[in-house]
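Listed here are the chains, written in short residue letters.
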Amino acid sequence: MVFFLLQTVYPRHEIRYAFTNGLARGWVYLEATMNDHLQWLLHLTPGILRNRCGIHIQLIPFNERLELLKMCHFKDPPELGKWVQVRRGAYKGNIGYILSVAASEVHLLLIPRLAPDAPRSKKKRRTTLKLFNHETDNAIEPHRISENIYSVGNDRFEHGLIVRSYSFDAVSMGISTIPLESFHLFRRSGHLKLISSKSAFPRPSEWYFLEGEEVYNIDDPIPFHWPEPPSYKSGIISKL
């Protein structure tokens, strides 16, 4: 795509620079004025994605442009089983669990953003965080891959969680807290990977304890669903 652009560009297209980077696969970066001539040239360029609204374009914020030119490989790539935060895209700001690590990307378990359970209307409904249910969330007939694993179109769901792939630079590491709502939904999913590493769950950000405070230590059997009121022991926090 870059070769085609540089071979066919004229001054009227007002392109100053065009380049790509292996860390952001599939993206071509342009320093240009998005005039009508350039948009027509992009329509003719092979390999550029289009949708009903036209060419898929994303503007780079001014304060991120210099950092874009400094993209480099991570010295220490994200580790399997760690928690990260998505930095951009539809799930920006969401906390995810690293399910697997490839050459230059991670596959995350995320809580899906799904339309709420409500009657259909002409108004666009906001998405909400909830676990995928193959019996009710089936605008497109889900395909069963194996037990508790389904695909809907290009999306894959495992134990109600969605699996998404991101380049290393699209996630932030060093996550120490997680919203309480997300904490509960991840635990409720019962995903085998999460059960086996439940001690590594980030602390819910709403939890706030003080020394000398009375607390209750609740037994937490597996699975995480409580069929009956749990037993507990009370105590006083002596040190944090």
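Some thoughts on the side chain of His159
Consideration 1: Within the secondary structure, His159 sits in the loop between strand 12 (155–158) and strand 13 (161–167).
Consideration 2: The residues contacting His159, other than those within four sequence positions of it, are Asn148, Ser189, Gly190 and His191.

Thoughts on helix 4 (residues 180–189)
Consideration 1: For helix 4, the full list of buried residues reads Ser182, Phe183, Leu185, Phe186, Arg187 and Ser189.
Consideration 2: With its phi angle positive at about 70°, Gly190 sits one or two positions after the end of helix 4.

Details of the packing of aromatic side chains
Consideration 1: For the structure on display, the rule yields nine aromatic pairs.
Consideration 2: Relative to Tyr29, the ring of Phe19 has its centre 5.4 Å away and its plane inclined at 20°; by these criteria the two rings are stacked. Of this pair, Phe19 sits in strand 1 (residues 15–20) while Tyr29 sits in strand 2 (residues 28–32), and the two are 10 residues apart along the sequence.
Consideration 3: An angle of 15° between the planes, with centres 4.1 Å apart, marks the rings of Phe132 and Phe157 as stacked.

So, the pairing of strand 6 (residues 95–101)
Consideration 1: Strand 6 sits mainly inside the fold: five of its seven residues count as buried.
Consideration 2: Relative to strand 6, strand 5 (residues 83–86) runs antiparallel, the two sharing three bridges. Paired with Gln85 across the bridge in strand 6 is Ile95.
Consideration 3: The pairing of strand 6 with strand 7 (residues 105–110) spans four bridges and is classified as antiparallel. For Tyr97, the partnering residue across the bridge sits in strand 7 and is Leu109.
Consideration 4: From the end of strand 6 to the start of strand 7, which pair antiparallel, there are three residues.

Some details on the environment of Pro46
Consideration 1: Relative to the helices and strands, Pro46 is located in the loop between helix 2 (36–44) and strand 3 (50–51).
Consideration 2: With near-sequence residues (within four places) excluded, Pro46 lies in contact with Met1 and Phe4.

Here we look at the confidence of the model for the protein
Consideration 1: Mean pLDDT over the protein stands at 82; residues scoring 70 or higher make up 85%.
Consideration 2: Under a pLDDT of 50 for its full length, residues 118–122 has, in the predicted model, three contacts with residues more than four places off or in other chains.
Consideration 3: Low pLDDT, under 50, characterises residues 221–226; the stretch is placed with 10 contacts to residues that sit more than four places away or in other chains.

Brief notes about the pattern of salt bridges
Between side chains of opposite charge, a pair can form when the charged atoms approach closely.
Consideration 1: Going through the model one piece at a time under the given rule, you end up with three salt bridges.
Consideration 2: Here Glu31 makes a salt bridge to Arg16, at a shortest N to O gap of 3.4 Å. Pair noted here: Glu31 is in strand 2 and Arg16 is in strand 1, with a separation of 15 residues, a long-range link.
Consideration 3: Among the residues examined, Arg16 registers a relative accessible area of 68% and is labelled exposed.
Consideration 4: Across the salt bridge formed by Arg156 and Glu158, the nearest N and O atoms sit 2.9 Å from each other.
Consideration 5: Since its relative accessible area comes to 8%, Glu158 is described here as buried.

Some thoughts on the nonpolar core
Side chains of a nonpolar character, in soluble globular proteins, are inclined to be buried together.
Consideration 1: Counting 17 residues, the largest nonpolar core has Val106, Leu108, Leu110 and Tyr166 as its most contacted members.
Consideration 2: Counting only elements with at least two residues in this core, the list comes to strand 5, strand 7, strand 11 (149–152) and strand 13.
Consideration 3: It is strand 7 that contributes the most residues to this core, three residues altogether.
Consideration 4: Beyond its immediate chain neighbours, meaning those up to four positions away, Leu110 contacts Val86, Tyr91, Asn94, Ile95, Gly96, Leu161, Ile162, Arg164, Tyr166 and Phe186.
Consideration 5: Judged by nonpolar contacts, the second largest core, of 15 residues, contains Tyr97, Leu109, Ile178 and Phe183.

Looking at helix 2
Consideration 1: Taken residue by residue, helix 2 has Leu38, Leu41 and Leu42 as its buried positions. Here the buried residues of helix 2 occupy an arc of 100° about the axis, which is enough to place them on one side. Away from the buried face of helix 2 by more than 90 degrees, exposed residues Asp36 and Trp40 are located.
Consideration 2: Where helix 2 is buried, its residues touch helix 1 (2–8), strand 1, strand 2, strand 3 and strand 4 (54–55).
Consideration 3: The backbone nitrogen of His37 lies 3.1 Å from a side-chain oxygen of the residue at the head of helix 2, namely Asn35.

Definitions and limits used
- Residues numbered from 1 in each chain as written.
- Predicted model: local features only at pLDDT ≥ 70, side-chain atom pairs only at ≥ 80, totals over all residues.
- Heavy atoms only, no water.
- Helix = DSSP H or I, 4+ residues; strand = E, 2+ residues; numbered from the N terminus.
- Contact = heavy atoms within 4.5 Å.
- Buried < 20%, exposed > 50% of the residue type's maximum accessible area, 1.4 Å probe, protein only.
- Phe/Tyr/Trp six-rings, centres within 6.5 Å; stacked < 30°, edge-to-face > 60°.
- Pairing = 2+ DSSP bridges.
- pLDDT = per-residue confidence, 0-100.
- Salt bridge = Lys/Arg side-chain N within 4 Å of Asp/Glu carboxyl O.
- Core = buried A, V, L, I, M, F, W, Y, C linked by side-chain atoms within 4.5 Å.
- Arc of directions from axis to C-beta.
- Polar contact = N/O pair within 3.5 Å; in protein donor to acceptor, adjacent residues only side chain to side chain.

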